[in-house]
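Structural description and commentary
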Amino acid sequence: MKPAEEEQAFLEEVYRKARLLEFDKREAEKVQRNSRQLDRQRNTKLAGIVLTAVVVFVMIKFEVIDRGLLVLLSLLLIGIGLMVENTEFAWDQESD
């Protein structure tokens, strides 16, 4: 192999490795971004569960739960469950 050809082959290998390192860097950034997004989702779910638990506790504490309120509370819990499920689905669509 001529020196010029060897030098060209060496440079091509260096550029290939540089492109590979850049690709790895972009993938690591994507993983970080996805991790933050999953953390936000978990925090949102936890906040919804805690808020619902507090509301139920307060209602039980003040003895205001009767049949009508029990039905309303059940519908509220079903609605919150559907909202969480739809939110997860929307977040899954955004990440694709």
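Everything discussed here concerns the structure shown above.
Here's what I pulled together on the structure shown here. The structure displayed is predicted, hence computed values, not measured ones.

**Describing the side chain of Thr 52**
- Residue placement: Thr 52 occurs in helix 1 (residues 3-61).
- One polar contact links the side chain of Thr 52 to the main-chain carbonyl oxygen of Gly 48, over a distance of 2.8 Å.
- Setting aside residues up to four positions removed in sequence, Thr 52 forms contacts with Leu 77 and Ile 80.

**Observations regarding a nonpolar patch on the surface**
- Residues Leu 46, Val 50, Val 54, Phe 57, Val 58, Ile 60, Phe 62, Val 64, Ile 65 and Leu 70 make up a contiguous nonpolar surface patch of about 920 Å² in total accessible area.
- Ranked by residue count, the leading element in the nonpolar patch is helix 1, at six residues.
- Along the chain, the position of Phe 57 falls in helix 1.
- The class for Phe 57 is exposed, based on a relative accessible area of 55%.

**Quick word on the pattern of salt bridges**
- As enumerated under the stated definition, the model contains three salt bridges in all.
- The closest approach of N and O atoms between Glu 27 and Lys 30, which form a salt bridge, is 3.5 Å. Taken together, the residues Glu 27 and Lys 30, both in helix 1 and three residues apart, mark about one turn of the helix.
- Residue Glu 27 is classed as partly exposed on the basis of its relative accessible area, which comes to 30%.

**Brief notes about helix 1**
- Given a rise of 1.5 Å per residue, 59 residues ought to cover 87 Å, and the 86 Å separating the end C-alpha atoms of helix 1 matches this to within 8%.
- All of the buried residues along helix 1 are Gln 37, Gln 41, Thr 52 and Met 59.

**With respect to the environment of Gly 81**
- In this structure, Gly 81 sits in helix 2 (residues 67-95).
- Through-space distance from the C-alpha of Gly 81 to that of Ile 49 is 9.6 Å; in sequence the pair is 32 residues apart.

Conventions adopted
Residues numbered from 1 in each chain as written. Predicted model: local features only at pLDDT ≥ 70, side-chain atom pairs only at ≥ 80, totals over all residues. Heavy atoms only, no water. Helix = DSSP H or I, 4+ residues; strand = E, 2+ residues; numbered from the N terminus. Polar contact = N/O pair within 3.5 Å; in protein donor to acceptor, adjacent residues only side chain to side chain. Contact = heavy atoms within 4.5 Å. Patch = residues over 30% accessible without salt bridge, like charges linked within 9 Å, V, L, I, M, F, W, Y side chains within 5 Å. Areas by Shrake-Rupley, 256 points an atom, 1.4 Å probe, with all protein chains shown as cover. Salt bridge = Lys/Arg side-chain N within 4 Å of Asp/Glu carboxyl O. Buried < 20%, exposed > 50% of the residue type's maximum accessible area, 1.4 Å probe, protein only. Expected span 1.5 Å × (residues − 1).

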